[in-house]
Amino acid sequence: MKSRISHTRIILQTAIASRLILLTLTLIWRSIINPYDTSASINPNCLSTTTTAPTLVFPRIAAAVENGVVWDSVYFVRIAQCGYEYEQTYAFLPLFPAFILILSRTVFQPLIPLIGDRAVLALSGYFVSNVAFVFAALFLYRLSVIVLKDPEASLRASILFCFNPASIFYSSIYSESLYALLSIGGLYFLLSGSNNLASLWFALSGCARSNGVLNAGYIGFQTMHRAYDALFLQKNLILAFWVLITGFLRCVFIFIPFVAFQAYGYYNLCAGRDPETSRPWCKAKIPLLYNFIQSHYWGVGFLRYFQFKQLPNFLLASPILSMAVCSIIYYVKLQPTVFFSLGFQVDPKTASFLEMQTSTVSREDQALRRRKHSKHEVGPTALSTDSVPVERFSIIIVPFVLHLGFMVATAFFVMHVQVATRFLSSSPPIYWFASYVLTSHKGWGYLIWGYCAAYILNGSLLFSNFYPFT
């Protein structure tokens, strides 16, 4: 317990220090290098207003803050300020802009007469991102302790996360930090037995980034195994039915925010419009605005990025893709039978995904407390404090690796591949695998640290000055 408290303190200090380092580097690069695009400070009036900008007390500070509004940050700040004005802005989900708006109208509101509304919105965005990152690092440690059952390995994984290659985005006005907090926090609550709370956090993650809906897969995996146990091992049809119903409802709940936002976009852009003049996606059988925007405005689609001119971007993404693939191969090779059977052909000595470390569990959880194999009964719970050999993992790791595999395939074949660096940066198995490499293969460990340092330096240099970077 003392070691975990000490580790928590170390992670807290490291996470804060890493954010300060990133912000310092950003300020240094901005002060000595001219930005590639100088339009960051341009901010026309909202379409719904025609007010003139007031005279500011500290215009230079306001300009310095607003110069950091680059790339997607422009969209997030604009949405917080003016709402969803244009079709392409609906690619950015509302939770992060909502947090920005709330903070700018409460905590940071006294600063508006001093530096202006847009600068205050930008400051709010920085605050949300950096604070969310610190808590995401703490939750990653707690989650890692549950899965790895090794506080030292968990500490290494969390420190790596603090200096991950996509760090610049976690300190900028981007939704990566908020998504990481909600996603990793939801996983922690799920593995602690708080299924309803986990579902809430997963649902919110789907309101921060579209890939948050994939977290429903963890609930689905858990439901699948609990229903199997109830039906085939406990011979309890009613319990199996109840498990399926509750699992289904939790998955639906996770999808609701994302689907509701698509309906909101349809209502604003399609409802009541002349079919002859309405946008093409409005006429589709399933009018999914998000997919249309990604395809129409950014050229996202299956194999659409496979062009010779995009080779540098594939090279830029190759380190994170390589680490992700290696981590998948590593965990699959540890227990191939477990992975290829989705955990249904699990060794009786292997801990079960179903067992949740929690002092109070529901009647449903108690009924599924143990899985029987033949005449044998499962041993220690998967998430108990009993030691487990590092080389062996329970089926608890399976959904993590499946989730990572799907995201790797999506990043490589569908998305702009350079985005993979930040798209995969919140996936815990990458850091668990890297933590193992740091101690077992020192040379590769130095390479990993070098990769992180290089991308932090280059990212803070290029991104902050409006140059392309992932």
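The paragraphs below set out a description of the structure included in this document. No experiment lies behind these values; they were computed from the predicted model shown.

### Comments concerning the overall build of the chain
Tallying secondary structure elements over the chain gives 20 helices and two strands in all. Pairs at least 24 apart in sequence give 77% of the contacts found in the chain among residues at least 6 apart.

### Focus: the packing of aromatic side chains
Following the criterion strictly, the structure yields 49 aromatic pairs and no others. Between tyrosine 90 and tyrosine 264 the ring centres are 6.2 Å apart and the planes differ by 45°, which places this aromatic pair in the tilted class. Here tyrosine 90 is found in the loop between helix H3 (73-82) and helix H4 (95-104), whereas its partner tyrosine 264 is found in helix H12 (residues 237-269), with 174 residues between them in sequence. Here tyrosine 264 falls in the partly exposed class, since its relative accessible area comes to 40%. Their ring planes at 65° and their centres at 5.0 Å tell us that tyrosine 330 and tyrosine 331 sit as a pair that is edge-to-face. We note that tyrosine 330, like tyrosine 331, is buried. Pairwise contacts between aromatic rings join Tyr75, Phe76, Phe92, Phe96, Phe169, Tyr174, Tyr297, Trp298, Tyr451, Tyr455, Phe463 and Phe469 into one cluster. One cation-aromatic arrangement involves arginine 142 over phenylalanine 139; the distance from NZ or CZ to the ring centre is 6.0 Å.

### Section: the packing of helix H2 (residues 59-66) against helix H6 (residues 117-148)
At a minimum axis distance of 9 Å, the contact between H2 and H6 shows a crossing angle of 50°. When the axes of H2 and H6 are compared, the pair comes out oblique. Two packed elements cross with a definite hand, and for H2 against H6 that hand is left-handed. Residues Ala62, Val65 and Glu66 of H2 form the contact with H6, whose own contacting residues are Arg118, Ala119, Ala122 and Leu123. Its residues assigned to classes, the contact of H2 with H6 shows five nonpolar, no polar and two charged.

### Notes on the side chain of threonine 421
When you line up the elements, threonine 421 lands in helix H18 (residues 420-423). Here threonine 421 is in contact with Pro165, Ala166, Leu316, Ala317, Ile320, Tyr451, Tyr455 and Thr470, once residues within four sequence places are set aside.

### Points about the state of the cysteines
Here the structure, examined in full by the defined rule, presents two disulfides. Two residues, cysteine 46 and cysteine 82, share a disulfide whose sulfurs are 1.8 Å apart. Taking the torsion about the S-S bond as the criterion, the cysteine 46 to cysteine 82 disulfide, at about -65°, is left-handed. Note that cysteine 46 is positioned in the loop between helix H1 (2-32) and H2 and cysteine 82 in helix H3, a separation of 36 residues in sequence. Under the relative-accessibility criterion, cysteine 82 is labelled buried at 16%. Across a sulfur-sulfur distance of 1.7 Å, cysteine 270 and cysteine 282 are joined as a disulfide pair. Across the S-S bond linking cysteine 270 and cysteine 282, the dihedral sits near -65°, which makes this disulfide left-handed. Separated by 12 residues along the polypeptide, cysteine 270 in the loop between H12 and helix H13 (289-298) and cysteine 282 in the loop between H12 and H13 bring together distant segments of the chain.

Parameters and conventions
- Residues numbered from 1 in each chain as written.
- Predicted model: local features only at pLDDT ≥ 70, side-chain atom pairs only at ≥ 80, totals over all residues.
- Heavy atoms only, no water.
- Helix = DSSP H or I, 4+ residues; strand = E, 2+ residues; numbered from the N terminus.
- Contact = heavy atoms within 4.5 Å.
- Phe/Tyr/Trp six-rings, centres within 6.5 Å; stacked < 30°, edge-to-face > 60°.
- Buried < 20%, exposed > 50% of the residue type's maximum accessible area, 1.4 Å probe, protein only.
- Lys NZ or Arg CZ within 6 Å of the ring centre and 35° of its normal.
- Axes fitted to C-alpha atoms, helices over the stretch in contact; angles between N-to-C directions.
- Parallel < 35°, antiparallel > 145°, perpendicular 65-115°, else oblique.
- Left-handed = near helix turned anticlockwise from the far one by under 90°.
- Nonpolar A, V, L, I, M, F, W, Y, C, P; charged D, E, K, R; others polar.
- Disulfide = S-S within 2.5 Å.

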